[in-house]
Amino acid sequence: VMNDIITTMFNRKFMEELFKPQELYSKKALRTVYDRLAHASIMRLNQASMDKLYDLMTMAFKYQVLLCPRPRDILLVTFNHLDAIKDFISDSPGILNQVDETFRQLMETYNCLSDGEFQLIRQTLLIFFQDMHIRVSIFLKDKVQNSNGRFVLPISGPVPWGTEVPGLIRIFNHKGVEVKRAEFTTAGNYVTPQREGSFELYGDRVLKLGTNMYSVTRPVETHMSGSSKNLASQAKENIVPNPLAKEELNFLARLLGGLDIQKPAGGETGFRLNLFTTDEEEEHAAQTRPEELSYKVVNIEATQEPGRRAELSRILGELEVAEPRPGSAEKGEDLLALMDGL
C-alpha cells in the first residue's frame, strides 16, 4: 500500500506539474488531489475517515509552518517529510530514485531563494490555513494547541539560526555607528542554536518539525471548535464546481491514474481503513460533520479506456495555447487552471 501511494505521489509527470510556477491551489483542488492520492492503492476510506485524515494532515502541516523558527526552515520541514518517506521505501530502489529526484528538484528550485521569498511562501501558506481551527488530540495533549483550535507559539528554546538571543538593544547614529546599548529582561528562556540544519540530500536537519509526531501510540481525534464552525459557515468556498475546473482536475487525475494498481486475487476488493474506534462512530461523524466542511470533492475520472482517453485528449487540445502568458489567470482559479503545455 505504501509503495503504491508513494509511487503515485512522486510520479514524474505529476511532479513536473507541481513544480510549474502557478498560483496556490484552492482548498477544493487540494482536497481532490489528496483524496486521489489516498486511494492510489487497494486501501479505501469512507467519507468520515477521509475527512478525519485530511483534517489531521492540514492541521499538522499548519502547525509545522506556523512554528518554523525562520521562513527558510520550511525547506527543512519538507526534507524531514521526504526523509521519513524514504524510510518507508528503503527496500525499493526504483521508488527511492523517484523520491531522490524530487529531492534534487526541491534543492535546485528553492535553495537559491532569498529569505524574503521564503517569507512570502510562508505567509501565503498561512493565509491558506488561517480559517482552519480543528482540534487534534495529540496537539491538545502536548499543550501546543488551545481548546479553541489555535496553536500556542513557544517563548522558550532555540532562536532562529543566524539570530541572537533577545535582551539587547543597540542604538546607532546617522552614520551607522553604535552609540549606546540597553538591556531588557525577556519572559522566555531563549538559547542560541548549536548548528544549522543540513540542506543536503543526506544530513541532520536539526529541526524536528516534520518528523514523526507519534513518539508513543495514542488515538488521534479531530473536533471542530465553535469558532471554526462559525468561520466555516461564513465562507462556503466553491460550493458548485466549475465545469472547466472539473475537466482540469480530470487531466491531473490522468497523471495520478497513470499507475495501474494491481487488484488482489479472488473476490477481495482490498481493505478499508477506519480512523475511528468503531463503524458506528464513523457513521455518526459523517452525519454530524457540518456540510460546508465536507469539501465537496469533485469526482474525477482516471480510466484507461481508449474512448475516454481520446475524449480527454480532444478537450486537452482545445485548452492548449501556443504562447502561455504568465499572470493572465485570476487568483483563485481551481487546480490546473494555470498549468500550461501539459
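Thresholds applied
- Residues numbered from 1 in each chain as written.
- Predicted model: local features only at pLDDT ≥ 70, side-chain atom pairs only at ≥ 80, totals over all residues.
- Heavy atoms only, no water.
- Helix = DSSP H or I, 4+ residues; strand = E, 2+ residues; numbered from the N terminus.
- Buried < 20%, exposed > 50% of the residue type's maximum accessible area, 1.4 Å probe, protein only.
- Contact = heavy atoms within 4.5 Å.
- Areas by Shrake-Rupley, 256 points an atom, 1.4 Å probe, with all protein chains shown as cover.
- Patch = residues over 30% accessible without salt bridge, like charges linked within 9 Å, V, L, I, M, F, W, Y side chains within 5 Å.
- Salt bridge = Lys/Arg side-chain N within 4 Å of Asp/Glu carboxyl O.
- Polar contact = N/O pair within 3.5 Å; in protein donor to acceptor, adjacent residues only side chain to side chain.
- Axes fitted to C-alpha atoms, helices over the stretch in contact; angles between N-to-C directions.
- Left-handed = near helix turned anticlockwise from the far one by under 90°.
- Core = buried A, V, L, I, M, F, W, Y, C linked by side-chain atoms within 4.5 Å.
- Pairing = 2+ DSSP bridges.
- Parallel < 35°, antiparallel > 145°, perpendicular 65-115°, else oblique.
- Nonpolar A, V, L, I, M, F, W, Y, C, P; charged D, E, K, R; others polar.

The name recorded for the protein chain in an unreviewed UniProt entry is OSCP1 protein, from Callaeas wilsoni.

Asker: What is the right way to read the overall build of the protein chain from this model?
Answerer: For the protein chain, the count of helices and strands is twelve helices and eight strands. Counting every position in the protein chain, which comprises 342 residues, the buried fraction comes to 37%. Across the protein chain, the fraction of contacts at a sequence separation of at least 24, relative to all contacts at a separation of at least 6, is 76%. Of the accessible surface of the protein chain, which amounts to about 20,000 Å², a share of 53% is contributed by carbon and sulfur atoms.

Asker: Sorry, what's going on with a nonpolar patch on the surface here?
Answerer: A surface patch of nonpolar side chains, amounting to about 410 Å² of accessible area, comprises I169, I171, V177, V179 and F184. The partly exposed category is assigned to I171, whose relative accessible area is 36%.

Asker: Explain the pattern of salt bridges to me, please; I cannot follow it from the model alone.
Answerer: When the charged atoms of two side chains with opposite charge come close together, those side chains can pair. The full count for this structure, using the stated rule, is 13 salt bridges. Ionic pairing is found between R205 and D83, a salt bridge with its closest N-O pair at 2.9 Å. Here D83 lies in helix α5 (residues 73–88) and R205 lies in the loop between β6 (190–191) and β7 (222–224), a separation of 122 residues in the sequence. Of the residues examined, R205 reaches a relative accessible area of 3% and is grouped as buried.

Asker: Explanation requested: the environment of E164 in the structure shown.
Answerer: With respect to the helices, strands and loops of the structure, E164 is situated in the loop between β3 (157–158) and β4 (168–172). Its relative accessible area of 53% is what places E164 among the exposed residues. Remark: the alpha-carbon pair of E164 and Y190, spanning 26 residues in sequence, is separated by 9.3 Å. The residues contacting E164, other than those within four sequence positions of it, are V159 and R170. Within the structure, the side chain of E164 is placed 3.4 Å from the side chain of R170, a separation counted as a polar contact.

Asker: How do you make sense of the packing of helix α4 (residues 47–66) against helix α7 (residues 115–129) when you look at a structure like this?
Answerer: When two helices pack together, their arrangement is captured by the angle between the axes and the distance separating the axes. One way to put it is that α4 packs onto α7 with a least axis distance of 10 Å and a crossing angle of 145 degrees. Every pair of crossing elements has a handedness; the one defined by α4 and α7 is left-handed. Contacts between α4 and α7 involve T58, F61, K62, V65 and L66 from the former and R122, L125, L126 and F129 from the latter.

Asker: Can you help me understand the nonpolar core in this one?
Answerer: Inside soluble globular proteins, nonpolar side chains tend to come together where they are buried. Membership of the largest hydrophobic core comes to 44 residues, with the highest contact counts inside it found for I6, F10, Y63, F79, L82, V99 and F139. Within the residue set of this core, elements represented by two or more residues are α2 (12–18), α3 (27–38), α4, α5, α6 (93–110), α7, β2 (134–136) and α8 (137–141). At seven residues, α5 tops the list of elements feeding residues into this core. For I6, the residues in contact, after removing those within four places along its chain, are I85, F88, I89, I95 and V99.

Asker: Help me out: how do you make sense of the side chain of H133 in this one?
Answerer: Along the chain, the position of H133 falls in the loop between α7 and β2. Exposure remark for H133: the relative accessible area of 3% places this residue in the buried category. Polar contacts involving the side chain of H133 include one to the main-chain carbonyl oxygen of Q130, which spans 3.0 Å.

Asker: Looking at this structure, how should I read the pairing of β4?
Answerer: Two faces, one strand: in a regular strand the side chains alternate between the faces of the sheet. For β4 and strand β5 (residues 178–183), the ladder comprises five bridges, and the chain directions are antiparallel. For R170, the partnering residue across the bridge sits in β5 and is R181. What sits between the antiparallel neighbours β4 and β5 is a turn of five residues, in which G176 has the positive phi angle 85 degrees.

Asker: I tried to follow the packing of α5 against α6 on my own but got confused; where do I start?
Answerer: The geometry of α5 relative to α6 is characterised by a closest axis approach of 10 Å and an angle of 170 degrees between their N-to-C directions. As summarised for this structure, α5 and α6 are arranged roughly antiparallel, according to the angle between their axes. Mapping the contact onto sequence places L75, T78, F79, L82, D83, I85 and K86 in α5 and L96, V99, D100, F103, L106, M107 and Y110 in α6. Looking at the contact of α5 with α6 residue by residue, the class counts come to ten nonpolar, one polar and three charged.

Asker: What is the right way to look at the environment of R70 in this model?
Answerer: Note that R70 resides in the loop between α4 and α5. Overall, R70 belongs to the buried group, its relative accessible area being 14%. In the structure, R70 is positioned 48 residues away from F118 in sequence and 8.8 Å away in space, judged by C-alpha atoms. Excluding residues that lie within four positions of it along the chain, R70 makes contacts with P160, W161, E196 and F199.

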